[in-house]
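Topology and contacts: notes
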Amino acid sequence: MRGTPDDAERLSALEDAVDRINLLRGTHIVLVEGLKDIAALESIGVIADFFCVQSGGGPVKAAEHVWRSGKEAVIMTDWDRRGGNLAGTLRENLSSLGVGYDDRIRADMAFACRPYSKDVESLDSVMSLLRSRTEDSLNHNIRDGD
């Protein structure tokens, strides 16, 4: 199976998003839905302080945790309807406490993953697939003399 022309662009966008999260290390806390999300993000190279919204007591507790830390937040919920609703609630709670947040990284990851996945916990699988398809496409082009 050959990758579509935009698989390399999708992979590049995801790698860029990982780099952007890592640049915020020390100043931001990454808010995720669950432990599997943390495992997936760490497996693709994200190094960050994480807070699980579900096991941590919900969006109000998550916003309070970030506020108490003196940091800002990266909202990294799934890009399905439920994750979108949770992201909206987190934005409201963080804003009400005067806490800054980044939700652009989530939007960029969602766009890059759109045909393959709707959740954070699948990021490692999506990146592996994109790497494989991009490599297969590159090898095919080399064999064909492109």
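Everything here concerns the structure above.
Numbers given for residues are sequential positions, taken from 1 along each chain in its written order. Side-chain atom pairs in this predicted model are given and counted only at pLDDT of 80 or more, local residue features only at pLDDT of at least 70, and totals for whole chains, interfaces and linings cover all residues. Think of the side-chain values as coming from all heavy atoms in the structure, minus any hydrogens and water.

**So, helix 2 (residues 35-43)**
Our working rule: Relative accessibility thresholds used throughout: buried, under 20% of the residue-type maximum; exposed, over 50%; partly exposed, between the two (1.4 Å probe, protein chains only). Here a strand is any run of E in DSSP of at least two residues, a helix any run of H or I of at least four, and the numbering for each starts at the N terminus. Within this analysis, the arc is defined by the directions that extend from the helix axis to the C-beta atoms.
Taken residue by residue, helix 2 has Asp37, Ile38, Ala40 and Leu41 as its buried positions. Each buried residue of helix 2 lies within a common arc of 165° when the element is viewed along its axis, so the set occupies one face. Turned more than 90 degrees from where helix 2 packs its buried face, Leu35 and Lys36 sit exposed. Phi turns positive, to about 105°, at Gly45, one or two residues after helix 2.

**A closer look at the packing of helix 3 (residues 59-69) against helix 4 (residues 81-96)**
Angle between the axes and distance between the axes: these two values describe a pair of packed helices. Using the following cut-off: An axis is simply a line fitted to the C-alpha atoms; with a helix, the fit covers only the stretch in contact. Between two such axes, the angle follows the N-to-C directions and lies from 0 to 180 degrees. Note that the term roughly parallel is reserved for angles under 35 degrees, roughly antiparallel for angles over 145, roughly perpendicular for angles of 65 to 115, and oblique for everything else. Left-handed describes a crossing whose near helix is turned anticlockwise from the far helix by less than a right angle; the clockwise case is right-handed. Whether two residues touch is decided by their heavy atoms; if any such pair falls within 4.5 Å, the residues are in contact. The residue classification treats Ala, Val, Leu, Ile, Met, Phe, Trp, Tyr, Cys and Pro as nonpolar and Asp, Glu, Lys and Arg as charged. All others, Gly included, are polar.
Look at helix 3 against helix 4: their axes get within 9 Å of each other, and the N-to-C directions meet at 45°. Considering the angle they form, helix 3 stands oblique to helix 4. Pair helix 3 / helix 4 crosses with right-handed handedness. Between helix 3 and helix 4, the contacting residues are Pro59, Val60, Ala62, Ala63 and Val66 on the first element and Leu86, Thr89, Leu90, Asn93 and Leu94 on the second. Residue composition of the contact of helix 3 with helix 4, grouped by class: eight nonpolar, two polar and no charged.

**Side note on helix 4**
Within an α-helix, residues lying three or four positions from one another point in the same direction, as the helix has 3.6 residues per turn. The condition is simple: Between the first and last residue of a helix there are one fewer steps than residues, each counted as 1.5 Å, and that sum is the expected span.
Here helix 4 is 16 residues long and its end C-alpha atoms lie 23 Å apart, about the 22 Å a rise of 1.5 Å per residue gives. Along helix 4, the positions that sit buried rather than exposed are Gly83, Leu86, Ala87, Gly88, Leu90, Asn93 and Leu94. Of the residues flanking the end of helix 4, it is Gly98, one or two places downstream, whose phi is positive at about 75°.

**Remarks on the sheet that holds strand 3 (residues 72-75)**
Neighbouring strands of a sheet are bound in pairs by backbone hydrogen bonds; such pairs are parallel or else antiparallel. As a reminder of what qualifies: Being paired, for any two strands, means DSSP has found at least two bridges between them.
With parallel pairing, four strands are arranged side by side in an open sheet as 2-1-3-4. In this open sheet, the two edge strands, each paired with only one partner strand, are strand 2 (49-52) and strand 4 (101-102). Taken together, the four bridges between strand 1 (residues 28-32) and strand 2 define a ladder with parallel strand orientation. Note on strand 2: the bridge partner recorded for Val32 is Cys52. Its contacts with the sheet put helix 3 on strand 1, strand 2 and strand 3, and the angle it makes with strand 1 is roughly 170°. Running at roughly 170° to strand 3, helix 4 makes contact with strand 1, strand 3 and strand 4 of the sheet.

**Things to note about the pairing of strand 1**
Stated precisely, the cut-off is as follows: A crossover gets the label right-handed when its path from the first strand over the helix to the second runs clockwise, viewed with the strands pointing away from the viewer.
Within strand 1, five of the five residues are buried, which leaves it mostly tucked inside the rest of the structure. Burial along strand 1 is two-sided: His28, Val30 and Val32 and Ile29 and Leu31, pointing in opposite directions, are all buried. Relative to strand 3, strand 1 is paired through four bridges, and the arrangement is parallel. Following the sheet pairing, His28 is matched in strand 3 by Glu72. Read from strand 1 through helix 2 to strand 2, the crossover connection turns out right-handed.

**A closer look at the environment of Trp67**
Along the chain, Trp67 falls in helix 3. Residues Trp67 and Val99 lie 32 residues apart in sequence; the distance between their C-alpha atoms is 6.1 Å. In this structure Trp67 touches Leu97 and Val99, once residues within four positions along its chain are discounted.

**A few points about the environment of Ala110**
Within the element layout of this structure, Ala110 appears in helix 5 (residues 104-113). In this structure, the C-alpha to C-alpha distance between Ala110 and Asp78, residues 32 residues apart in sequence, is 8.0 Å.

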